[in-house]
Amino acid sequence: MATTTTTKTKSKNKTLSDTLNRQVANFSVLHMKLHHFHWYVKGENFFTLHVKFEELYKEAALHLDTIAERMLSQRALPVATLQETLELTSLKEATGEENAQQMVQALADDFEMICTELTEGISLAEENEDHPTADLLVHIRTSLEKHRWMFEAYLGE
């Protein structure tokens with residue numbers, strides 16, 4: 001009986017590790033996309049968006065590092081190559097063809113996707129009684145939900 005419990009726990013932990021790794025990949029892509037948008041935004045909202053994108057890529061870097069370090073503290077290995085990142089991410093890279101409105105819409109969509117996945121991760125962490133990981137993901141989701149709301153307001157949605 002104890003063996004079955006151990007197997008289930010390992011299986012659940014692997015699933016939580018996979019979920020966290022997907023977020024490492026997502027925040028890696030998001031970080032690069034935000035840099036891209038920061039560098040290439042044009043138009044009447046340049047000054048506002050240029051600063052906002054910089055704020056967000058700095059935040060994305062913090063989330064990326066925090067999730068990766070949480071994984072390492074649990075003896076899991078975060079993805080650390082571009083190839084693995086692109087294979088795992090749920091996000092699409094910037095195309096280079098986006099105008100300012102499309103950049104904001106893409107980020108609102110990305111934040112929505114990540115929030116959905118973070119909610120799944122929170123549930124998995126709670127099932128594993130891993131409250132620190134659940135708390136970490138709640139904190140990140142809260143921040144992204146606010147950014148998503150602000151971008152939707154910017155877009156007039």
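Data block above holds the structure.
What you see is a predicted model; the values in this text were computed from it and never measured. Within each chain, residue numbers correspond to sequence positions counted from 1 in written order. Whole-chain, interface and lining totals are the exception, using all residues; otherwise, since this is a predicted model, local features are given only for residues with pLDDT of at least 70 and side-chain atom pairs are given and counted only at 80 or more. The basis for the side-chain values is all heavy atoms of the structure; hydrogens and waters are excluded.

### A few points about the overall build of the protein
In terms of regular secondary structure, the protein is built from five helices and zero strands. By the criteria applied, helices consist of DSSP H or I runs no shorter than four residues and strands consist of E runs no shorter than two, each listed in order from the N terminus. Ordered by position from the N terminus, the helices and strands of the protein form the series α-α-α-α-α. Along the first, second and third principal axes, the C-alpha set of the protein runs to 65 × 30 × 20 Å. Accessible area is worked out with a 1.4 Å probe on protein chains only. A residue is then buried under 20% of its type maximum, exposed over 50%, and partly exposed in between. The buried share of the protein, taken over its 157 residues, is 42%. For the protein, the share of sequence-separated contacts (at least 6 apart) that also reach a separation of at least 24 residues comes to 80%. Accessible surface, the protein as shown: approximately 9200 Å² in total, 55% of it carbon and sulfur. Charge counting treats Lys and Arg as positive and Asp and Glu as negative, with His and both chain ends excluded. For the purpose of locating charges, the reference atoms are NZ of Lys, CZ of Arg, CG of Asp and CD of Glu. The centroid of the 15 positive side-chain charges in the protein is displaced by 5 Å from the centroid of its 25 negative side-chain charges. In what follows, residue pairs with any heavy atoms lying within 4.5 Å of each other are defined as contacts. Under the convention used here, a 1.4 Å probe and the Shrake-Rupley method define accessible areas, while residue burial counts only the protein chains that appear.

### Comments concerning the environment of Gly156
Tracing the backbone through its elements, the reader meets Gly156 in the segment after α5 (131-155). C-alpha separation for the pair Gly156 and Thr116, spaced 40 residues apart in sequence, amounts to 22 Å.

### Digging into the packing of aromatic side chains
For this analysis, a ring pair means two rings from Phe, Tyr or Trp (six-membered ring only for Trp) whose centres lie within 6.5 Å, classed as stacked if their planes differ by under 30 degrees, edge-to-face if by over 60, and tilted for the remaining angles. Evaluation of the coordinates by the stated rule reveals three aromatic pairs. Note on Phe46 and Phe47: the rings are 5.2 Å apart at their centroids and 80 degrees apart in plane angle, and the pair reads as edge-to-face. On the basis of relative accessible area, Phe47 is assigned to the exposed category, the value being 68%. Between Phe111 and Phe151, the aromatic rings sit 6.0 Å apart at their centres with planes inclined by 15 degrees, giving stacked as the arrangement. Within this pair, whereas Phe111 is found in helix α4 (residues 100-127), its partner Phe151 is found in helix α5, the two being separated by 40 residues in sequence. Each member of the pair, Phe111 together with Phe151, is buried.

### Points about the packing of helix α2 (residues 46-73) against α4
Between N-to-C directions, angles cover 0 to 180 degrees, with each direction set by a line fitted to C-alpha atoms, over the stretch in contact for helices. At a minimum axis distance of 12 Å, the contact between α2 and α4 shows a crossing angle of 25 degrees. On the basis of their axis angle, the class for α2 and α4 is roughly parallel. Classified by chirality, the crossing of α4 by α2 is left-handed. The residues of α4 that touch α2, namely those facing Leu49, Phe53 and Leu56, are Ala100, Met103, Val104, Leu107 and Phe111. Orientation labels follow simple angle bins: below 35 degrees gives roughly parallel, above 145 gives roughly antiparallel, 65 to 115 gives roughly perpendicular, and whatever is left gives oblique. Note on convention: the crossing is left-handed when the near helix lies turned anticlockwise from the far helix by less than a right angle, right-handed when the turn is clockwise.

### Some thoughts on the nonpolar core
In this text, buried Ala, Val, Leu, Ile, Met, Phe, Trp, Tyr and Cys residues form a nonpolar core when linked through side-chain atoms within 4.5 Å. Counting residues in hydrophobic clusters, the biggest one holds 41 residues, and the most contacted among them are Phe27, Leu30, Leu34, Phe53, Leu144 and Phe151. Sorting the residues of this core by element identifies α1 (2-40), α2, α4 and α5 as the ones contributing at least two each. Tallying contributions element by element places α4 first for this core, with 13 residues.

### Let's talk about a nonpolar patch on the surface
A contiguous nonpolar surface patch, about 400 Å² in accessible area, is contributed by Met32, Trp39 and Tyr40. Examined against the element boundaries, Trp39 turns out to sit in helix α1. For Trp39, a relative accessible area of 53% translates into the label exposed. Residues with no salt bridge and a relative accessible area higher than 30% make up the patches, which join like charges within 9 Å and nonpolar side chains (Val, Leu, Ile, Met, Phe, Trp, Tyr) within 5 Å. Salt bridges, as used here, are contacts in which a Lys or Arg side-chain nitrogen is within 4 Å of a carboxyl oxygen on Asp or Glu.

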